[in-house]
Amino acid sequence: MAASTLQLEQSRYVLISEFAVSLAAATGLDALRRDVIPKLRYIIDINRCTLALCNRESSSYQLLTLLDRRPQRSWMREENAPLDDGIHGEVILSGEPRTFNNRLSGTANLTGAPELSSEEASLHSIMCLPLRVGGHVIGSVLFGNSQDAAYAQLDVHIASTIATHLSLAVDRWHAMEKLSTAKEEVQRLNAGLEQRISDRTADLRKEIDEHRRAEAALRESKERYRSLYTETPVMLHSSDQNGRIVSVSDYWLRTLGYERGEVIGQFPTGFLTDASRKHAEENCFPVFMGTGVIVEEPLQFRKKNGELVDVLLSAIAERDVNNEIVRSLAVSVDVTRRRQAEAAVQRYTSRLEALQEIDRAILAARSPQAIAQAALGRIRALLTFDRASVAVFDFDRKVGRIIALHLENQSGPSLGSNVPLETFWKIDTLRQGGVDMVEDALQLPDDSYGQSLRTEGLRSWINVPLRVQDELIGSLDLGSAGAGTFSSEDIDVIREVADSLAIAIQQANLHHQVQRQAAELEQRVAERTAELEAFSYSVSHDLRAPLRAIDGFSRILLEDHGDKLDVECNRLLNTVCSEAQNMGQLIDDLLAFSRLTRQEITLNDVSMSHVVQAVADQLGSGDPQRDIQLSVGALPSAWGDRAMIQQVYVNLLSNAIKFTRDKTPAVIEVGHRREHGQDVYYVKDNGVGFDMQHAEKLFGVFERLHTVDQFEGTGVGLAIVQSIVQRHGGRIWAEGVTGEGAAMYFTLRPGDSDQ
Amino acid sequence: MNVEPVDILLVEDNPNDAELTLRALRHHKLANNVKVVRDGAEALDFVFCEGAHADRSADNNPRLVLLDLKLPKVGGLEVLRRIKSDERTKVIPVVVLTSSKEEPDIAESYKMGVNSYLVKPVGFDNFVACLSKLGFYWLVYNEPPPLPSR
């Protein structure tokens, strides 16, 4: 027995040392519960183990259940209890262990035991030991068993050892906890510090970055400025205080065709034309020295190849502290194209003006010579040439006549001269509308054509056809003493002028022709009129004389010898006399009619009432035996020839009186009415009238509707009336009923339907 | 030498007209001293005492000239112009006696200073009446111009 007990004791100590090792390895309560406490079972027979950790400041302890193997018990409870409560409190306050066996069976050493908590109420055997560190009680540990008398003296001793280890472990944990808190504080402080450091670092980095960026930007800007200066497509040049070029842009070089080496160190004025250099030195420099600025000065550079470049030059000066110019920058804008465009517009405008001038000449339709001369004058404003002429062609005579000439040198065909067609013009070319141009006469073959040009001292020459509707009528010729004077644009201009000129000349020719024809016609009319007058004169003179003789000698025969002739002879001779007189009347009427058609018409405002009154007075004194009732209505005045209109009323009223001879009373009405906006005048009577189917014949010369036996007359009266009315632009017509009367109507100006 | 005074110088190429005129004048006893010439040239010779009439006395100018316009050789208007543009003859009354009613003649005649212009009527009765009135007027009623003083 003793050996086995010893062996058991020895194995328990081994277990206790293992427990102590694992306890030392445990880092806290969780590790204690998980790794250490379960090993206790092999050292002490326990159902339950609790740990109380004292908190003196609050006079309480924290109760932690480390192990509880009892059925339906939660062994993980943690709670706080006051120090004067329970067996843990008693042990902590007293610092003395308490051990109970058979507590419920009333064992003597358990009497007077404090009341156990409900958790421990079921434990029959209990060992509760204080945990001490350096003389201070820091808590207590309780081992309990549900069996009575479970722990012997050895168990108490072992429990005491375990409590010592636990005390050290708990103290260590406390220390570790404090250390950890301190560490955290340090870490926290460290963290704040690090943040500040990192912030500051970031700030610094940013500053550095910015500085670097600024540096880079500056560098880039310098680069850019340099490349801007050299590569920008603008003519730039800079000069030093002596005015010599120190730098130029590539564009400057490219535009003027120089290498940089040819330019640096030179004076800018050396690249200007003479005129521009003079202008720059006399006008620009003084201004620049004073103000330090030149703005858009128009100057002209000369390229290396001799071509000209128009620029607008602006410059600005850089001055030192003494206000001395140390450097200048000039910008030249190439406006050659703009100048060319402006010049083109100018030329175009002049061209239009020239053409308009020619058009005006067309309208004026003066002589071809005047038109051609005006055209040449206008072309001078557009083109340079030494000789210009306009020729019109006469293909029948095979010559061109120079109708206009502009001459700088006195040579070549003169104005008005006729030039052989084939010698001076390439007629076939011109006829097809082609331009004949010679750029350099010196290179022409030595034929008559080339010779004729050279003798005139002309090297370049252009002949432009004057054509009207594909018909060649002449040529516009320009010559110059220089070679290659005429550009293609010039040719366009000359062509346009030539086209207008051709039309103008043709127009003038036509005008001239029309005038000549009109003059011829007028001449013929005058001749015809003279013939007619001569004829009338003859009629009046030569026909009347025989009639007078017939009548006269018949009378003499009747007077001197009538008594010797029988009645029949007398009647026949009387008939001869009266017919001779009739014929005389016919001739008089015919002459009156003829005279009327030749007579000039003189228009005036004519009071028709006055005219009718005068005629009525003149005719009324005719036959006092007649009972004539003449009524004259209101008559508006008319625009016409008073004498002629009076003749109209004389004839109409005479007729009315004549044809009412058999009526008593004779009723004659003179009146007026408005019809279709026209004044219609009329004369009505209640005379013999006429059959309307003969109305057309009324107005013919010598037309009569009655025999001479019935009514005397020659049949000329109404013809005269119609002639007068028609010469006024008016119209005459008649209405009549046989036996009841007639009405004659007339107007004195064209009606709407007559125009 | 023909010194017989002439009352009327009749310038008329048409013999019929001349005869009718003379008859009409005679009818009224006005034709005692009528000189008939047949053309303008002779009329001028007579008036200016030239040619065939060179021996005529210029003192005895006709008291009246009856002038036809349509004349051979020298026209009536020319005769009129010569008479009226000469100081010696411009006072002689000249009456144009013509068949023509054409206006230019009338106007021309008056411009040249004709004293009357008469268109001969075709009808003989009218013609006679016309001539008699004319003759009476110029030879009887009218006071002749005073003879030029010498």
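Turning next to the overall build of chain A. Helix and strand counts for chain A stand at 17 helices and 24 strands. Contacts in chain A between residues at least 24 apart in sequence constitute 57% of all its contacts with a sequence separation of at least 6. A total of about 41600 Å² of accessible surface is found on chain A, and carbon and sulfur atoms cover 51% of it.

Residues and elements named next belong to chain B. Read across the sheet, 5 strands follow the order β2-β1-β3-β4-β5 without closing on themselves; strand pairing throughout is parallel. Two strands in the sheet have a free side with no partner beyond their single neighbour: β2 (34-37) and β5 (116-119). On average, each strand axis in the sheet is inclined to that of its neighbour by 20°, with strand direction left out of account. Relative to β5, strand β4 (residues 94-98) runs parallel, the two sharing 4 bridges. Bridging from a neighbouring strand, Thr-98 pairs with Val-119 of β5.

This part takes up the interface of chain B and chain A. At the interface, 23 residues of chain B touch 24 residues of chain A. Between chain B and chain A lies a buried interface of about 2100 Å² when both sides are counted; carbon and sulfur atoms form 55% of it. Where chain B meets chain A, there are 4 salt bridges. Between chain B and chain A we count 5 residue pairs in polar contact (both at pLDDT 80 or more) in total. The leading source of residues in the side of chain B that touches chain A is helix α1 (residues 15-27) of chain B, at 5 residues. Within the side of chain B that touches chain A, the residues separate by chemical class into 7 nonpolar, 6 polar and 10 charged.

This part is about the pattern of salt bridges. All chains considered together, the criterion is met by 30 salt bridges over all chains. Put simply, Arg467(A) and Asp470(A) hold a salt bridge, and the shortest N to O gap is 3.6 Å. Its relative accessible area of 25% is what places Arg467(A) among the partly exposed residues. For Asp470(A), a relative accessible area of 61% puts it in the exposed group. One salt bridge connects Glu108(B) with Lys111(B), and the closest N-O pair in it is separated by 3.7 Å. Remark: Lys111(B) and Glu108(B) occur in helix α4 (residues 103-111); sequence separation between them is 3 residues, near one turn of the helix. A network of salt bridges, in which partner residues are shared, links Arg548(A), Glu12(B), Asp17(B) and Lys120(B).

Another aspect to go through is the packing of helix α13 (residues 488-561) of chain A against α1(B). Axis angle and axis distance: for two packed helices, these are the angle between their axes and the distance between the axes, and together they describe the pair. The interhelical angle for the contact between α13(A) and α1(B), taken along N-to-C directions, is 45°, at an axis separation of 10 Å. The angle between α13(A) and α1(B) falls in the class oblique. Like other packed secondary-structure pairs, α13(A) and α1(B) cross with a definite hand, here left-handed. Residues Ala545(A), Arg548(A), Ala549(A), Gly552(A), Phe553(A), Ile556(A), Glu559(A) and Asp560(A) of α13(A) form the contact with α1(B), whose participating residues are Asn16(B), Asp17(B), Glu19(B), Leu20(B) and Arg23(B). For the contact of α13(A) with α1(B), a count of residues per class yields 5 nonpolar, 2 polar and 6 charged.

Once that is clear, we can look at the confidence of the model for chain B. Within chain B, residue pLDDT values average 83, and 90% of them lie at 70 or more. Prediction confidence for the complex, expressed as pTM and ipTM, is 0.42 and 0.74 respectively.

Turning our eyes to something else, we now look at a negative patch on the surface. Together, Asp199(A), Asp203(A), Glu207(A), Asp209(A) and Glu210(A) line one region of the surface with negative charge. Within the fold, Asp199(A) resides in helix α4 (residues 153-231).

Another point: a nonpolar patch on the surface. All names here are of chain B. There is a patch of nonpolar side chains on the surface, built from Phe-136, Tyr-137, Val-140 and Tyr-141 and spanning about 440 Å² of accessible area. Along the chain, Tyr-141 turns up in helix α5 (residues 124-141). We classify Tyr-141 as exposed; its relative accessible area is 64%.

Moving on, we come to the packing of aromatic side chains. All names here are of chain A. This structure, assessed with the given rule, holds 10 aromatic pairs over all chains. A centroid spacing of 5.2 Å and a plane angle of 85° characterise the contact between Trp-252 and Phe-271, whose relative ring orientation is edge-to-face. Linking Trp-252 in helix α5 (residues 250-256) with Phe-271 in the loop between α6 (260-263) and α7 (274-291), this pair joins segments that are 19 residues apart in sequence. Pairing Tyr-649 with Phe-746 gives two aromatic rings, centres 5.7 Å apart and planes at 70°, and the pair type is edge-to-face. Taken together, the residues Tyr-649 in helix α16 (residues 642-659) and Phe-746 in strand β24 (residues 741-746) connect sequence positions 97 residues apart. Side by side, Tyr-649 and Phe-746 carry an identical accessibility label, which is buried. An aromatic cluster is built from Trp-252, Tyr-258, Phe-271 and Phe-301, whose rings are joined through pairwise contacts.

Calculation criteria
Residues numbered from 1 in each chain as written. Chains lettered and ligands numbered in written order. Predicted model: local features only at pLDDT ≥ 70, side-chain atom pairs only at ≥ 80, totals over all residues. Heavy atoms only, no water. Helix = DSSP H or I, 4+ residues; strand = E, 2+ residues; numbered from the N terminus. Contact = heavy atoms within 4.5 Å. Areas by Shrake-Rupley, 256 points an atom, 1.4 Å probe, with all protein chains shown as cover. Pairing = 2+ DSSP bridges. Axes fitted to C-alpha atoms, helices over the stretch in contact; angles between N-to-C directions. Buried area = accessible area lost by both parts, 1.4 Å probe. Salt bridge = Lys/Arg side-chain N within 4 Å of Asp/Glu carboxyl O. Polar contact = N/O pair within 3.5 Å; in protein donor to acceptor, adjacent residues only side chain to side chain. Nonpolar A, V, L, I, M, F, W, Y, C, P; charged D, E, K, R; others polar. Buried < 20%, exposed > 50% of the residue type's maximum accessible area, 1.4 Å probe, protein only. Parallel < 35°, antiparallel > 145°, perpendicular 65-115°, else oblique. Left-handed = near helix turned anticlockwise from the far one by under 90°. pLDDT = per-residue confidence, 0-100. Patch = residues over 30% accessible without salt bridge, like charges linked within 9 Å, V, L, I, M, F, W, Y side chains within 5 Å. Lys, Arg positive; Asp, Glu negative; His and termini not counted. Charge placed at Lys NZ, Arg CZ, Asp CG, Glu CD. Phe/Tyr/Trp six-rings, centres within 6.5 Å; stacked < 30°, edge-to-face > 60°.

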